[in-house]
Amino acid sequence: MSQSSTPFDEEEHAVVEEIGSPESLAAVRIDLGRLRSALEELPPHLREVVILREQEGFSYKEIASIVAVPIGTVMSRLARARSRLLARLAGEEGSGT
Amino acid sequence: MSDGDWKDPGCAEARRLIGLRHDNELDAFESIRVERHLAACESCRNQARSIDLLGSALRDRSLVFDLPEGFAPRAPVSSRGRGARLALPIAASLLAGSLLTLGGLRLVSRTGVSEQSVARDVVAAQIRANLPGHLTDVVSSDRHTVKPWFSGKIDYSPPVFDLSDSGFPLEGGRLDYVGGRTVAALVYRRRQHILGVYVWPAAGSSEPASSTENGFHVLAWTAGGMAFWAVSDIDPTELARLAALIRERTR
């Protein structure tokens, strides 16, 4: 089922727009060592959704069930986590808290 | 459906949907809207590619990381049939091949490597290869140079062919990591496109099976005692042509 009409959790999503320019992101080169460090620095509630989605392949609905939050929160946490990881990989300071 | 229904979502909305696109959580209507936007917007296209690259890197088998300390499912995790996910594994335990108990659930490592997992690995390897300085460990169009280069580095000798007469010149080779083992990666070129052929020993024989992953086309087959995984962002018919040329020489 599509989640495209599900609103993001606005409070958690607020940071997403603060990341670097898309052009700088496009230049990101994935250094696995830096990625590992960036992952370790993520707050637990962001790291867990990244792992559940990217490594375990759970759907948004499943992740929402596993961590007991609304689907919109899963979406916003994933967006926020990816933004932070990309910002870190691009050499920027992490954004927000 | 009128043209108005396909109204461009705009960059702000597209950015929100790019993550859902990466996670295959868009419905067909939104997917088309996003794809149309991406086709016209280089900035958002770059963002989408960054998300895809990040996803591939996060699935890299060499990336070992744990779920946060104290993590425990707040709800039961259902099985998905076919034994694909018997319980909730974590990356570290999978790589260690261990059994753990966490949050009251028994965490069971997977046995074997799924084809989808291998496809992800070879695409991740191909993405890495496209980064500057990662394409080849041995640079040569001479198969008599490339083939011996693997000797002593891996415990098999991958078939290497000079296909320049057919429009696929050999660029070289390198070692890469796919499916939990070090494998031979051969690099061919077709015009401006790079084509990777990942080879390792495998029994049996199979016809090429195609798949796509993060915009890369993958063709996998088994012949002559080897598994071949050809990967590229080139048109799939061109990839199939390379596969046919290799198969003709390995029967």
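About the cut-offs
- Residues numbered from 1 in each chain as written.
- Chains lettered and ligands numbered in written order.
- Predicted model: local features only at pLDDT ≥ 70, side-chain atom pairs only at ≥ 80, totals over all residues.
- Heavy atoms only, no water.
- Axes fitted to C-alpha atoms, helices over the stretch in contact; angles between N-to-C directions.
- Helix = DSSP H or I, 4+ residues; strand = E, 2+ residues; numbered from the N terminus.
- Parallel < 35°, antiparallel > 145°, perpendicular 65-115°, else oblique.
- Left-handed = near helix turned anticlockwise from the far one by under 90°.
- Contact = heavy atoms within 4.5 Å.
- Nonpolar A, V, L, I, M, F, W, Y, C, P; charged D, E, K, R; others polar.
- Buried < 20%, exposed > 50% of the residue type's maximum accessible area, 1.4 Å probe, protein only.
- Salt bridge = Lys/Arg side-chain N within 4 Å of Asp/Glu carboxyl O.
- Disulfide = S-S within 2.5 Å.
- Phe/Tyr/Trp six-rings, centres within 6.5 Å; stacked < 30°, edge-to-face > 60°.
- Lys NZ or Arg CZ within 6 Å of the ring centre and 35° of its normal.
- pLDDT = per-residue confidence, 0-100.
- Expected span 1.5 Å × (residues − 1).

Some words on the packing of helix α4 (residues 44–55) of chain A against helix α5 (residues 60–67) of chain A
All names here are of chain A.
Thought 1: As a packed pair, α4 and α5 sit with axes 10 Å apart at the nearest point and diverge in direction by 140°. If you check the angle between α4 and α5, you find them oblique. Crossing of α4 over α5 shows right-handed handedness. Mapping the contact onto sequence places E48, V49, L52 and R53 in α4 and Y60, I63, I66 and V67 in α5.
Thought 2: Residue composition of the contact of α4 with α5, grouped by class: 6 nonpolar, no polar and 2 charged.

Describing the environment of L239(B)
Residues and elements named next belong to chain B.
Thought 1: Along the chain, the position of L239 falls in helix α7 (residues 236–250).
Thought 2: Overall, L239 belongs to the buried group, its relative accessible area being 1%.
Thought 3: C-alpha separation for the pair L239 and V218, spaced 21 residues apart in sequence, amounts to 8.1 Å.
Thought 4: Filtering out sequence-adjacent residues up to four positions away, L239 remains in contact with L195, H217, V218, L219, A230, V231, S232 and I234.

Considering the pattern of salt bridges
Residue and element names in this part refer to chain B.
Thought 1: On inspection of all chains with the given rule, the structure shows 15 salt bridges over all chains.
Thought 2: Between R21 and E35 there is a salt bridge, with the nearest N and O atoms lying 2.5 Å from each other. In this pair, R21 sits in helix α1 (residues 10–22) while E35 sits in helix α2 (residues 28–40), placing the two residues 14 residues apart along the sequence.
Thought 3: Exposure remark for E35: the relative accessible area of 35% places this residue in the partly exposed category.

A look at the state of the cysteines
Residue and element names in this part refer to chain B.
Thought 1: Summed over all chains, the structure comprises 0 disulfides over all chains.
Thought 2: C41 forms no disulfide, and the closest cysteine sulfur to it belongs to C44, at a distance of 3.7 Å.
Thought 3: Look at C44 and you get buried, because its relative accessible area is 0%.

Quick notes on the packing of aromatic side chains
Residues and elements named next belong to chain B.
Thought 1: Applying the stated criterion to the full structure yields 3 aromatic pairs over all chains.
Thought 2: Measuring from centroid to centroid gives 5.2 Å for W221 and F228, while their planes differ by 5°, and the two rings are stacked.
Thought 3: For W221, a relative accessible area of 1% corresponds to the buried category.
Thought 4: Since its relative accessible area comes to 1%, F228 is described here as buried.
Thought 5: Here the basic side chain of K153 rests over the ring of W149, its NZ or CZ set 4.4 Å away from the ring centre.
Thought 6: We note R190 situated over the ring of F168; from NZ or CZ to the ring centre the distance is 4.7 Å.

Describing the confidence of the model for chain B
All names here are of chain B.
Thought 1: Scored by pLDDT, chain B has a mean of 75; 75% of the residues are at 70 or more.
Thought 2: Low pLDDT (under 50) marks residues 75–113, which in the prediction has 68 contacts with non-local residues, meaning those over four places away or in another chain.
Thought 3: Reported confidences for the modelled complex are a pTM of 0.46 and an ipTM of 0.74.

Structural notes on α7(B)
All names here are of chain B.
Thought 1: With 15 residues, α7 should cover 21 Å at 1.5 Å per step; its first-to-last C-alpha distance of 21 Å lies within 8% of that length.
Thought 2: All buried positions along α7 are accounted for by E238, L239, L242, A243, L245, I246, R247 and T250.
Thought 3: In the core, the buried residues of α7 are packed alongside β5 (181–190), β6 (193–201), β7 (206–213), β8 (216–223) and β9 (226–232).

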